Amino acid sequence: MDVFERLFRRTKATVILMGVALLVLGVAMFVSPIGATLLIVQVVGWTLAVAGAITLLNCWRHASEGMRQADLFMGLLEVIPGVCLIVWPDAFVAVVYVIIGVIVLVTGVNDVIEANAVRLAFGAGWVWRMAIGVITLLAGVAVVASPFAMAELVMLVAGLALIFDGITEIIAGVSMR
């Protein structure tokens, strides 16, 4: 097996695994939108807190005073917001909705581009992709325009978009030759 064949097999497996991950995340977001949002906020909080703690622990390893101060500053810059996200996740949920709205918007744009590429390459099978892409794009615009009024809907739409993207990634990965 040559290098390119191994790389291709790894890429195929990565595409399929990414599709499965998107599908699972999409179902979780669709089934429990608020719970998924709180979980996302807390995971980000723990990630920041742990990364900040590691940075703070490493700051004492530097011989240079300037590097120690820089790591001390960065560690605190990571730990403090991380702890805030862990302790008060509800206060930060609104920010998550804005970010998810942007992600849904970008996903919709990507789906429209993908549908156009399928239309140009194959001439068939692009209409349903374009329809879903346009719907996702419009949903993303609606969420970005009014994220607080559409808080639960944001997670439902994002969940549906991730389910769709997960399925298309799995199909793309399986169909790779």
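Look up: the structure comes first, before these words.
So, here is what we can say about the structure in this document. Quantities reported herein were computed from a predicted structural model and do not represent experimental measurements. (Residues numbered from 1 in each chain as written. Predicted model: local features only at pLDDT ≥ 70, side-chain atom pairs only at ≥ 80, totals over all residues. Heavy atoms only, no water.)

Regarding the layout of surface pockets
Move 1: Within this model, the largest pocket holds a volume of roughly 340 Å³.
Move 2: Every residue lining the largest pocket is counted, 17 residues in all, and those nearest its centre are Ile40, Val96, Ile99, Ile100 and Ile103.
Move 3: Listing elements by their share of the lining of the largest pocket, those giving two or more residues are helix H1 (3-31), helix H2 (33-58), helix H4 (89-122) and helix H6 (151-175).
Move 4: Of the residues forming the lining of the largest pocket, the biggest block, eight residues, is contributed by H4.
Move 5: Its residues assigned to classes, the lining of the largest pocket comprises 16 nonpolar, one polar and no charged. (1 Å grid on protein atoms, 1.4 Å probe; cavity = no way out; pocket = protein on both sides within 12 Å on 5 of 7 lines; lining within 4 Å. Points joined across faces, edges and corners; volume = space filled by probe spheres on them. Helix = DSSP H or I, 4+ residues; strand = E, 2+ residues; numbered from the N terminus. Nonpolar A, V, L, I, M, F, W, Y, C, P; charged D, E, K, R; others polar.)

Observations regarding the side chain of aspartate 165
Move 1: Here aspartate 165 shows up in helix H6.
Move 2: Buried charge without a partner: aspartate 165 forms no salt bridge, and the closest opposite charge is arginine 129, 8.2 Å away.
Move 3: Other than its neighbours up to four places away in sequence, aspartate 165 contacts Leu22, Thr107 and Asp111. (Buried < 20%, exposed > 50% of the residue type's maximum accessible area, 1.4 Å probe, protein only. Lys, Arg positive; Asp, Glu negative; His and termini not counted. Salt bridge = Lys/Arg side-chain N within 4 Å of Asp/Glu carboxyl O. Contact = heavy atoms within 4.5 Å.)

Description of the nonpolar core
Move 1: Ranked by internal contacts, the top residues of the largest apolar core, which has 18 residues, are Met29, Tyr97, Ile100 and Met155.
Move 2: Secondary structure elements with two or more residues in this core: H1, H2, H4, helix H5 (127-145) and H6.
Move 3: The biggest single contributor to this core is H6, with six residues.
Move 4: Excluding residues that lie within four positions of it along the chain, tyrosine 97 makes contacts with Ile34, Thr37, Val143, Pro147, Ala151, Val154 and Met155. (Core = buried A, V, L, I, M, F, W, Y, C linked by side-chain atoms within 4.5 Å.)

What about the packing of H4 against H6?
Move 1: For the pair H4 and H6, interaxial distance at closest approach is 10 Å and the crossing angle is 35°. Relative to H6, the crossing made by H4 is left-handed. In contact with Tyr97, Ile100, Gly101, Val104, Thr107 and Asp111 of H4, H6 contributes Ala151, Val154, Met155, Val157, Ala158, Ala161, Phe164 and Asp165.
Move 2: Looking at the contact of H4 with H6 residue by residue, the class counts come to ten nonpolar, two polar and two charged. (Axes fitted to C-alpha atoms, helices over the stretch in contact; angles between N-to-C directions. Left-handed = near helix turned anticlockwise from the far one by under 90°.)

Function cannot be read off these values alone, since they describe shape.
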